[in-house]
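Architecture at a glance
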Amino acid sequence: MKFSTLTLLSAALCAAGLAQAAAPSDAAVQQASSASLREWIEVLALPNDSNVAADIEKNAQWFKAALDKRGFQTQLLPNQGKPMVLATLPPVPGATKTVLFYAHMDGQAVTPSEWQQESPWKPVLKERQADGTWKEIALDQLYGAQPNPEWRVFGRSSSDDKAPIIMLMAAIDALQQQGLAPSTNIKILLDSEEEKGSPSLGGVIDANLEALKADALLVLDGPMHASNRPTLVFGNRGVAQATLTVYGPSQDLHSGHYGNYAANPAFTMAQLLASMKAPDGRVLVKGYYDGIRFDAQTQAVMKAVPDDETALRKRLGIAQTEKVGNNYQEAMQYPSLNVRGLQSADVGAKARTVVPAQAIAELDLRTVPETPPERLLQLLKTHIEGQGFTLIDGEPSAEQRAQYPKMASLKMGGVSASSSAVRTDLNAPIGDWLRQGMQQAWGQAPVQIRMMGGTVPTGAAVQALKVPFVIVPMVNADNNQHSKNENMRLGNYFDGVKSLASILSQPWK
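Residues numbered from 1 in each chain as written. Predicted model: local features only at pLDDT ≥ 70, side-chain atom pairs only at ≥ 80, totals over all residues. Heavy atoms only, no water.

Considering the overall build of the protein
Each helix and strand counted, the protein has 15 helices and 21 strands in total. By the compact-globule yardstick of 23 Å for 509 residues, the protein fits well, its C-alpha radius of gyration being 26 Å. Seen through its C-alpha atoms, the protein measures out along the principal axes to roughly 90 × 50 × 45 Å. Here the protein, with 509 residues, has 52% of them falling under the buried criterion. Restricting to contacts in the protein with at least 6 residues of sequence separation, those with at least 24 account for 80%. Of the roughly 22,400 Å² of accessible surface on the protein, a fraction of 51% belongs to carbon and sulfur atoms. Computed over 46 positive and 49 negative side-chain charges, the separation of the two mean positions in the protein equals 2 Å. (Helix = DSSP H or I, 4+ residues; strand = E, 2+ residues; numbered from the N terminus. Rg over C-alpha atoms; globule rule 2.2 N^0.38 Å. Buried < 20%, exposed > 50% of the residue type's maximum accessible area, 1.4 Å probe, protein only. Contact = heavy atoms within 4.5 Å. Areas by Shrake-Rupley, 256 points an atom, 1.4 Å probe, with all protein chains shown as cover. Lys, Arg positive; Asp, Glu negative; His and termini not counted. Charge placed at Lys NZ, Arg CZ, Asp CG, Glu CD.)

So, the sheet that holds strand 16 (residues 390-391)
Backbone-to-backbone hydrogen bonds join strands into a sheet, with any given pair of strands oriented parallel or antiparallel. The five strands lie next to each other as 13-15-11-17-16, forming an open sheet whose pairing is mixed. Across the chains shown, the open sheet's two edge strands, defined by having one partner strand only, are strand 13 (338-343) and strand 16. In the sheet, strand 16 pairs with strand 17 (residues 407-412) via two bridges, with the strands oriented parallel. Along strand 17, the bridge assignment pairs Leu391 with Ala408. With respect to the sheet, helix 7 (residues 265-276) is in contact with strand 11 (238-247), strand 13 and strand 15 (358-367), its orientation differing from that of strand 11 by roughly 145°. (Pairing = 2+ DSSP bridges. Axes fitted to C-alpha atoms, helices over the stretch in contact; angles between N-to-C directions.)

Remarks on the packing of helix 13 (residues 429-442) against helix 15 (residues 490-505)
Running from N to C, helix 13 and helix 15 cross one another at 125°; their axes reach a closest spacing of 8 Å. As far as their axial angle goes, helix 15 and helix 13 are oblique. The interaxial crossing formed by helix 13 with helix 15 has right-handed handedness. Where helix 13 approaches helix 15, its residues Trp433, Leu434, Gly437, Met438, Gln440, Ala441 and Trp442 are matched on the opposing element by Asp495, Lys498, Ser499, Ser502, Ile503 and Ser505. Tallied by class, the residues present in the contact of helix 13 with helix 15 amount to six nonpolar, five polar and two charged. (Parallel < 35°, antiparallel > 145°, perpendicular 65-115°, else oblique. Left-handed = near helix turned anticlockwise from the far one by under 90°. Nonpolar A, V, L, I, M, F, W, Y, C, P; charged D, E, K, R; others polar.)

A few points about the pattern of salt bridges
Between side chains of opposite charge, pairing is possible as soon as their charged atoms come close. Tallied over the entire structure, the rule returns 18 salt bridges. For Glu486, the salt bridge goes to Arg156, with nearest N and O atoms at 2.7 Å. With Glu486 in the loop between strand 20 (469-471) and strand 21 (487-489) and Arg156 in the loop between strand 6 (152-154) and helix 4 (162-177), this pair connects stretches of sequence that are 330 residues apart. When its relative accessible area of 1% is taken as the criterion, Glu486 is described as buried. Salt-bridge contacts for Arg352 lead to Asp346; the nearest nitrogen and oxygen are separated by 3.3 Å. A residue is classified by how much of its surface remains accessible, and Arg352, at 43% relative accessible area, is partly exposed. Here the salt bridges share partners, and the residues they tie into one network are Glu39, Lys69, Arg70 and Asp173. (Salt bridge = Lys/Arg side-chain N within 4 Å of Asp/Glu carboxyl O.)

Quick word on the nonpolar core
In terms of nonpolar packing, the biggest core is built from 67 residues, with Trp40, Phe101 and Val472 touching the most fellow members. Broken down by element, this core gets its largest block of residues, 11 residues, from helix 4. With sequence-adjacent residues up to four places away left out, Trp40 is seen in contact with Val153, Ser158, Ala163, Ile166, Met488, Leu490 and Tyr493. Membership of the second largest hydrophobic core comes to 31 residues, among which are Leu337, Leu363, Leu365 and Ala408. (Core = buried A, V, L, I, M, F, W, Y, C linked by side-chain atoms within 4.5 Å.)

What about the sheet that holds strand 5 (residues 134-137)?
Spatial strand order, 5-4-6-21: four strands in an open sheet with antiparallel pairing. On the outer flanks of this sheet lie strand 5 and strand 21, each paired with one strand and no other. Across this sheet, the average inter-strand angle for adjacent strands is 35°, counted without regard to direction. Bridge count for strand 4 (residues 124-128) against strand 5 is four bridges, and the pairing is antiparallel.

With respect to the packing of helix 3 (residues 53-69) against helix 4
Relative to each other, helix 3 and helix 4 sit at 15°, their axes nearing to 11 Å. As judged from the angle between their axes, helix 3 and helix 4 are roughly parallel. Considering how the two elements wind past one another, helix 3 and helix 4 form a crossing that is right-handed. Along its contact with helix 3, which presents Asn59, Trp62, Phe63, Ala66 and Leu67, the element helix 4 presents Lys162, Ile165, Ile166 and Met169. Here the residues of the contact of helix 3 with helix 4 sort into seven nonpolar, one polar and one charged.

Remarks on the packing of aromatic side chains
Overall, the coordinates contain eight aromatic pairs when judged by the stated rule. Note on Tyr288 and Tyr289: the rings are 6.0 Å apart at their centroids and 75° apart in plane angle, and the pair reads as edge-to-face. What makes Tyr288 buried here is its relative accessible area of 1%. Through pairs of rings, three or more aromatic residues link up here, namely Tyr288, Tyr289, Phe294 and Tyr334. In this arrangement the basic side chain of Lys126 is found over the ring face of Phe154, its NZ or CZ atom lying 4.7 Å from the centre. (Phe/Tyr/Trp six-rings, centres within 6.5 Å; stacked < 30°, edge-to-face > 60°. Lys NZ or Arg CZ within 6 Å of the ring centre and 35° of its normal.)

Shown next, in the form of structure tokens:
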């Protein structure tokens, strides 16, 4: 069994009756952060498209070697050619809690021609110019004594999600350099298919349940609050999808000969969709918001989030918001009903003078713990039938066309545990531990977000491991994740290492 310097020193400290954990000095954190930058750039040069098994295998091997070097016991968890990485630090003497850190090493696909650099897989260093544009500067400047915190590294996965993994390793390095032990036992799980919705995460966890056993799950993913203050996120919405098709005539019809005679399914669809939401944006489907209530503490926590809603509306290009909740944070606590795509006949140069045969709406429903996807989809089905529609499976038969004046199909998308909504109570012990760690690092309380609007694959892990979780985002909010020119602000990188080093050294009993 391989033991790191960290493990041996922690044993010595424990035997001597000294404090098991103390925060490393700022100088040690700075040194470890700077030393880790070359590793960060090296791994960013490895393509990591979650659809390409060979790329994932190379990334898994790289991270395994990097964690081996730090004294972790690592293994590749089989996953149909896209292995996940599990790393376990040998037990810390006296530690009573085990924390499992989750992050993902895969990335979104890229279109290289859209990027303003030679290749998304060749990371570059850039500096913002007075006119707001970004200019590439020599990468070697990244390794200087004091790199500018406003510089940014551009490349796929620079922020989502390779930077947080390297930050965690750098935080452990900072502890090692000062002979300090973390306050908890540490495990790390690196997902290989997060950008595909983590379809295999639940199965991999089930197959390795004992090895992944922990007291808490910390998710290193997602952007910090737009204020760039240290942030803790205690929940995320889930997502379900459905395809709604409204049927008209059996084929496209000449609009001159049959307009005013055969009903146009595009209008019928529009009327149906309009029945689902009020002009102010609130969903009208009966029971859609049932069970959602906020106590005084929850309302206070949401109100305390320093959102600049005037700036947010300006950035989004909207004059006013929908009236679901009293502010942005409250809006994220409710399930949403979204039309993510509409189609009926053709538009533009291909448009024809027809009464179309059908209209299709692609829907997504963001869920919260009080509103599981199965229930929302059933409520939606009941609502459609209540509008006078007969719901059928697939293309209607001639007999059905002759019998039913309003026909539609509602095809449910698969519901995955990886996209389930989950939330940890703000008063849970893990929250106290993390708040103390952030307070120790920064001298102020972190921004606390009860429920973020997006979906990350925490559901499968939380349901399988039955542990509380918190998302600890470290990257700048304007990082362009999933898009061209993804980037990571250096100031966030260094601050993230400091936050993690402080959390790791914060006692948790």
